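A structural walkthrough
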Amino acid sequence: MIVDVSEIFYSIQGEGSKIGYKAIFIRLCGCNLKCPFCDTKYALSCKNPMNAHEIYEKISRFPAKNIIFTGGEPTLKDNFMAYFMKKYNNYSYFLETNGTLFPKKSINLFSHIVVSPKMFAINLDVLKSLIKYSISIEFKFVVDENFTKELELMEELGLKEATFQPVWLNDSMESYIKKTVRIIEKLKDIPYNIRIIPQIHKILYGQKKGV
Ligand code: SF4
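Residues numbered from 1 in each chain as written. Predicted model: local features only at pLDDT ≥ 70, side-chain atom pairs only at ≥ 80, totals over all residues. Heavy atoms only, no water.

An unreviewed UniProt entry annotates the protein as 7-carboxy-7-deazaguanine synthase of Hippea maritima. UniProt, in its Pathway (unreviewed entry) section for the protein, records the words "Purine metabolism; 7-cyano-7-deazaguanine biosynthesis." As its UniProt record puts it under Sequence similarities (unreviewed entry), the protein is described as follows: "Belongs to the radical SAM superfamily. 7-carboxy-7-deazaguanine synthase family." (UniProt positions renumbered as here; feature names shortened; annotations may be inferred.)

Overview of the layout of surface pockets
Volume-wise, the largest pocket comes out at about 230 Å³. Partitioned by chemical class, the residues of the lining of the largest pocket number nine nonpolar, two polar and three charged. Of the voids in this model, the second largest pocket is the one considered here, and its volume is about 200 Å³. If you go around the second largest pocket, the residues you meet are Ser17, Ile137, Glu138, Phe139, Leu159, Glu161, Ala162, Thr163, Asn193 and Arg195. When contributions to the lining of the second largest pocket are tallied by element, the ones reaching two or more residues are strand E7 (137-143), strand E8 (161-166) and strand E9 (193-196). (1 Å grid on protein atoms, 1.4 Å probe; cavity = no way out; pocket = protein on both sides within 12 Å on 5 of 7 lines; lining within 4 Å. Points joined across faces, edges and corners; volume = space filled by probe spheres on them. Nonpolar A, V, L, I, M, F, W, Y, C, P; charged D, E, K, R; others polar. Helix = DSSP H or I, 4+ residues; strand = E, 2+ residues; numbered from the N terminus.)

Describing the packing of helix H1 (residues 52-59) against helix H2 (residues 78-87)
Put simply, H1 and H2 touch, their axes get as near as 11 Å, and they point 55° apart. The angle between the axes of H1 and H2 places the two elements in the oblique class. As H1 packs across H2, the resulting crossing turns out to be right-handed. Across the interface between the two elements, Ala52, Ile55, Tyr56 and Ile59 of H1 pack against Phe80, Tyr83 and Phe84 of H2. Split by residue class, the contact of H1 with H2 holds seven nonpolar, no polar and no charged. (Axes fitted to C-alpha atoms, helices over the stretch in contact; angles between N-to-C directions. Parallel < 35°, antiparallel > 145°, perpendicular 65-115°, else oblique. Left-handed = near helix turned anticlockwise from the far one by under 90°. Contact = heavy atoms within 4.5 Å.)

Written out as structure tokens, the structure reads:
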């Protein structure tokens, strides 16, 4: 089975509750959205066909057992992910998704799913199904200083907790830290269990690929 792969790399998880753990990333090509703030635009329409064995050969060189399927939007390749995870079942698999498509073939093969909904493209039915059928799930929102919509969505989905990551656009480090502190101060008044994590990858690596 063939799939287009933007990049495969070994790094640490920079987002969500698994932050800091070593992981191998398989970034699949293609996305069903076009977010203006996307920081992986190079993965939205790339072509780099690889078969499952080639991908396995590459990941098996790394001394880690956690694999993260990311994108783009990896759920576009639901069949491939299900095939790969069943064939190479000596790894723990994680998914990063925008939550607009339901991966019905692969959902029960992921140890953990991070959903990062985009406020302009919410599919409530899919989000509710992801919550219902995943083994373990968390919601992560990349937020600016106005996060009313994110809180409304949490209310609608009955979420009691989530991770908020202040968005890093073209900020200097100093302005990013100041923005993050303002968001922290606003969130102190919110009655949800919200974890605030800066965009660690961007602090450490900027826009560099494959790290
Ligand atoms: S959903 Fe993610 S990968 Fe797709 S365009 Fe938006 S930010 Fe980029």
